[in-house]
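The lines below spell out each chain.
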Amino acid sequence: MSLCEKIAAALARHGLLLRGGFHPEAQEMALAEGESVGTVLLAGNAGPGMWEAFSAQMPAGVDPLDRWSGEVLGAVARQFGAEVALPSDGPPYRPFQQWAMRAEPVFPSPIGILIHPVYGLWHGYRGALLFERVLDLPDKDMSANPCDSCTARPCLTTCPVGAFSGRGYDLQACRRHLRSGAGDYCLDGSCLARQACPVGRDYAYGAGQAAFHMAAFV
């Protein structure tokens, strides 16, 4: 079993996935002085797999998912001799979206969320394992952007307040709708624009997970 396979197995015990990796250039890292990184491995989730593990161990207090992710990834990092970077670390913040596009086939969707050819919009990145040494990595999947072949683009026309358009994302319109009482369906079942995407529907979050993420967003 390769090192990456061992790391993937360790992450899987917590409902997490190894979401690919890459060998970074210095300018990709926003490196601290004296920091040297030869390999970045991304850890994340797709579908409801993470929710069972997290909800059973959810720490009390603020930012429970960030704290749980830090504890889980910290233990995995110590096991394999890595450092951990979390999306919430900062400022300055690490460029996780750019890292993700380097590590696996994800692409900016019309509503801004990175889309995956299999998982659709139902995935996320919980953190990264940073190795000083250069690890052997499996070949990167070169699947195409599923949005390129989507002519209907229902994600842009489903939002009841038109928060998504070719001009970008109207954050304030979205928040006003969610806080008005008219947006309870979005709060309970996740963003309607996200739900409208035909890709990866088998990985859609369950009600508890969707409500958790929407509450955190609001």
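This structure is a prediction, so every number in the text was calculated from the model and none was measured.

Now for the overall build of the chain. Looking only at helices and strands, one finds 8 helices and 8 strands in the chain. Computed over the C-alpha atoms, the radius of gyration of the chain is 18 Å, within 12% of the 17 Å expected from 2.2 N^0.38 for a compact globule of 218 residues. Within the chain, the fraction of its 218 residues that count as buried is 43%. A fraction of 69% describes how many contacts in the chain between residues 6 or more apart in sequence connect residues 24 or more apart.

Attention now moves to the layout of surface pockets. Size it by volume and the largest pocket reaches roughly 1200 Å³. Contributing to the lining of the largest pocket are 30 residues, with Ile113, Arg126, Arg194, His213 and Phe217 lying nearest its centre. Tallying contributions element by element places helix α8 (residues 207-217) first for the lining of the largest pocket, with 6 residues. Empty space within the second largest pocket amounts to approximately 240 Å³. In terms of lining residues, the second largest pocket is bounded by 15 residues, among which Gly20, Gly21, Ala103, Pro138 and Asp139 are the most central. Broken down by element, the residue count for the lining of the second largest pocket peaks at 4 residues, all from strand β1 (residues 17-22). For the lining of the second largest pocket, the residue count by class is 7 nonpolar, 3 polar and 5 charged.

This part takes up the sheet that holds strand β2 (residues 39-46). Backbone-to-backbone hydrogen bonds join strands into a sheet, with any given pair of strands oriented parallel or antiparallel. Taken together, 4 strands build an open sheet; the order of strands is β1-β2-β6-β3 and the sheet is antiparallel. A strand with exactly one partner marks an edge of an open sheet, and here the two such strands are β1 and β3 (83-85). Recorded for the sheet is a direction-independent mean angle of 30° between the axes of neighbouring strands.

As a further point, take helix α2 (residues 49-57). What α2 keeps buried is the set Met50, Trp51, Ala53 and Phe54. Close packing links the buried residues of α2 with β2, α3 (64-80), β6 (123-131) and α8.

This next bit is on the side chain of Arg194. Structurally, Arg194 can be placed in helix α7 (residues 192-196). Although buried, Arg194 forms no salt bridge, and the nearest oppositely charged side chain, Glu104, lies 12 Å from it. Setting aside residues up to four positions removed in sequence, Arg194 forms contacts with Ile111, Ile113, Leu121, Trp122, His123 and Tyr205.

All right, on to unusual backbone geometry then. Residue Gly90 is joined to Pro91 through a cis peptide bond whose omega torsion reads 0°. Within the secondary structure, Pro91 sits in the loop between β3 and α4 (96-103). Pro92 follows Pro91 through a cis peptide bond whose omega is -5°. As for its placement among the helices and strands, Pro92 is situated in the loop between β3 and α4. At Asp63, a residue that is not glycine, the phi angle is positive and equals roughly 50°.

Membership of the largest hydrophobic core comes to 24 residues, with the highest contact counts inside it found for Ile7, Trp68, Leu129 and Phe131. Sorting the residues of this core by element identifies α1 (3-12), β2, α2, α3 and β6 as the ones contributing at least two each. Looking at this core element by element, the count peaks at 7 residues for α3. The contact partners of Trp68, leaving out residues within four places of it in the chain, are His14, Leu16, Met50, Ala53, Phe54, Gln57 and Pro59. By size, the runner-up hydrophobic cluster in this structure holds 16 residues, among which are Cys155, Cys159, Leu178 and Cys191.

For the rest of this paragraph, the subject is the pattern of salt bridges. Applying the stated criterion across every chain, the model contains 1 salt bridge. Glu104 is paired through a salt bridge with Arg19; the nearest N and O atoms lie 2.7 Å apart. Highlighted residues: Glu104 in the loop between α4 and β4 (107-108) and Arg19 in strand β1, separated in sequence by 85 residues. Across this residue pair, the class does not change: Glu104 and Arg19 are buried.

Positionally, Val161 belongs in the loop between β6 and β7 (164-165). In this structure, the C-alpha to C-alpha distance between Val161 and Gln79, residues 82 residues apart in sequence, is 48 Å. Excluding residues within four positions of it along the chain, Val161 makes contact with Ala173 and His177.

Definitions and cut-offs
Residues numbered from 1 in each chain as written. Predicted model: local features only at pLDDT ≥ 70, side-chain atom pairs only at ≥ 80, totals over all residues. Heavy atoms only, no water. Helix = DSSP H or I, 4+ residues; strand = E, 2+ residues; numbered from the N terminus. Rg over C-alpha atoms; globule rule 2.2 N^0.38 Å. Buried < 20%, exposed > 50% of the residue type's maximum accessible area, 1.4 Å probe, protein only. Contact = heavy atoms within 4.5 Å. 1 Å grid on protein atoms, 1.4 Å probe; cavity = no way out; pocket = protein on both sides within 12 Å on 5 of 7 lines; lining within 4 Å. Points joined across faces, edges and corners; volume = space filled by probe spheres on them. Nonpolar A, V, L, I, M, F, W, Y, C, P; charged D, E, K, R; others polar. Pairing = 2+ DSSP bridges. Axes fitted to C-alpha atoms, helices over the stretch in contact; angles between N-to-C directions. Lys, Arg positive; Asp, Glu negative; His and termini not counted. Salt bridge = Lys/Arg side-chain N within 4 Å of Asp/Glu carboxyl O. Core = buried A, V, L, I, M, F, W, Y, C linked by side-chain atoms within 4.5 Å.

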